[in-house]
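Reading the structure
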Amino acid sequence: MAHYIWIIINALLVIGTTLYIWLFRPNDSAAVLAGKWLAQVAVLLFLINVNMYFIFLVIRKTRVRKVKVILARISRSMMKVHIPLAVAGTGLIVFHGVVMAWKLGTVIGLGHGKLVTGYVSIAMLAITLFAGVLRRQKASGWRRRFHLTSAMLFACFFLLHLFWPI
């Protein structure tokens, strides 16, 4: 039951961010539209990676063996693409940040809350990537929690950035 709720939440997040970006944030600049596309693809990549935590959580918590087996198979394939998705998403986010700071920074100022929350989000993303490198070098409980906590903080700051008004 919990996995259905998480699937619904993911679908609502993807649909909600898409509608919010394209319907409530119109812009005529081709560069800003390209920046939006980059960000939206990066959001999907990061959403896939964040969902790995919830797949492992359901594996740990569920008592239904069939669900555990299915999710274990999914998680094995997801682990193979976790790092490439994170690197690709980070590259897209960096391009998004450069484009938006270049185009919107001149309009609203580089100290505007929208851009500041973006800076903090990129900093949290860098910390998350660093934590992931540490975890890959040597797995430990502390490094796992550090990577997980920084990833969840990144997700929170990203959502704050997304919904910050211009």
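In short, a report on the structure.

Calculation notes
- Every chain is numbered independently, its residues counted from 1 as its sequence is written.
- With pLDDT at 70 or above as the cut-off, local features in this predicted model cover only qualifying residues; side-chain atom pairs require 80 or more to be listed or tallied, and sums for whole chains, interfaces and linings still use all residues.
- Water and hydrogen atoms were dropped before computing side-chain values, which therefore reflect all heavy atoms in the structure.
- Working definition: helices are DSSP H or I runs of at least four residues, strands are E runs of at least two. Numbering for both runs from the N terminus.
- For every residue, the accessible area (1.4 Å probe, protein chains only) is compared with the maximum for its type, and the residue is labelled buried under 20%, exposed over 50%, or partly exposed between those bounds.
- Contacts: residue pairs with any heavy atoms within 4.5 Å of one another.
- For the area figures, the Shrake-Rupley method with a 1.4 Å probe applies, and any residue is considered shielded solely by the protein chains shown.
- Note that patches include only residues with greater than 30% relative accessible area and no salt bridge, and the join distances are 9 Å for like charges and 5 Å for nonpolar side chains (Val, Leu, Ile, Met, Phe, Trp, Tyr).
- When a carboxyl oxygen of Asp or Glu is within 4 Å of a side-chain nitrogen of Lys or Arg, the pair counts as a salt bridge.
- Charge counting follows a simple rule: Lys and Arg are positive, Asp and Glu are negative, and His as well as the terminal groups are ignored.
- A charged residue contributes its charge at one atom only: NZ of Lys, CZ of Arg, CG of Asp or CD of Glu.
- The aromatic pairing rule takes the rings of Phe, Tyr and Trp, using the six-membered ring of Trp, and pairs them if the centres are within 6.5 Å, calling planes under 30 degrees apart stacked, those over 60 edge-to-face and the rest tilted.
- Two conditions define a charge sitting above a ring: the NZ of Lys or the CZ of Arg must be within 6 Å of the ring centre, and it must be within 35 degrees of the ring normal.
- Expected helix span is taken as 1.5 Å per residue step, with the number of steps being one fewer than the number of residues.

A few words on the overall build of the protein chain. Of regular secondary structure, the protein chain possesses five helices and zero strands. Reading the helices (α) and strands (β) of the protein chain from amino to carboxyl end gives α-α-α-α-α. Taking the principal axes of its C-alpha atoms as reference, the protein chain extends roughly 55 × 35 × 20 Å. Burial statistics for the protein chain: of 166 residues in total, 34% are counted as buried. Excluding contacts between residues fewer than 6 apart, the proportion of contacts in the protein chain whose partners are at least 24 apart in sequence is 67%. Total accessible area computed for the protein chain in this model is approximately 10,400 Å², and 75% of it derives from carbon and sulfur atoms.

Our focus in this paragraph is the environment of Leu-45. By the element assignment, Leu-45 lies in helix α2 (residues 30-61). The spatial distance from the C-alpha of Leu-45 to the C-alpha of Tyr-119 is 19 Å, given a sequence separation of 74 residues. Among residues more than four places away in sequence, those in contact with Leu-45 are Leu-85, Ala-88, Gly-89 and Leu-92.

Attention shifts here to a positive patch on the surface. Together, Arg-60, Lys-61, Arg-135, Arg-144 and Arg-145 give the surface a local cluster of positive charge. Among the elements of the structure, α2 and α5 (141-163) are those that each provide at least two residues to the positive patch. Within the secondary structure layout, Arg-144 lies in helix α5. Relative accessible area serves as the criterion here: at 34%, Arg-144 is assigned to the partly exposed category.

For the rest of this paragraph, the subject is the packing of aromatic side chains. A complete count under the given rule lists three aromatic pairs for this structure. Ring centres 5.4 Å apart and planes at 70° place the aromatic pair Phe-46 and Phe-154 in the edge-to-face group. Linking Phe-46 in helix α2 with Phe-154 in helix α5, this pair joins segments that are 108 residues apart in sequence. For Phe-154, a relative accessible area of 10% gives the class buried. A centroid spacing of 4.9 Å and a plane angle of 80° characterise the contact between Tyr-53 and Phe-54, whose relative ring orientation is edge-to-face. Looking at Lys-103, its charged tip hangs above the ring of Trp-102, at a distance of 5.1 Å from the centre.

The next point concerns the environment of Lys-103. Considering the arrangement of structural elements, one finds Lys-103 in helix α3 (residues 65-108). Setting aside anything within four residues of it in sequence, one finds Lys-103 in contact with Ser-29, Ala-31 and Val-32.

Let us now look at α5. With 23 residues, α5 should reach 33 Å at 1.5 Å per residue; the first-to-last C-alpha distance of 33 Å fits that figure. Of all the residues in α5, the buried ones are His-147, Ser-150, Ala-151, Phe-154, His-161 and Leu-162.

A separate point is a nonpolar patch on the surface. A contiguous nonpolar surface patch, about 320 Å² in accessible area, is contributed by Leu-110, Val-116, Tyr-119 and Val-120. Relative to the assigned elements, Val-116 resides in helix α4 (residues 113-137). Judged by relative accessible area, which is 35%, Val-116 ranks as partly exposed.

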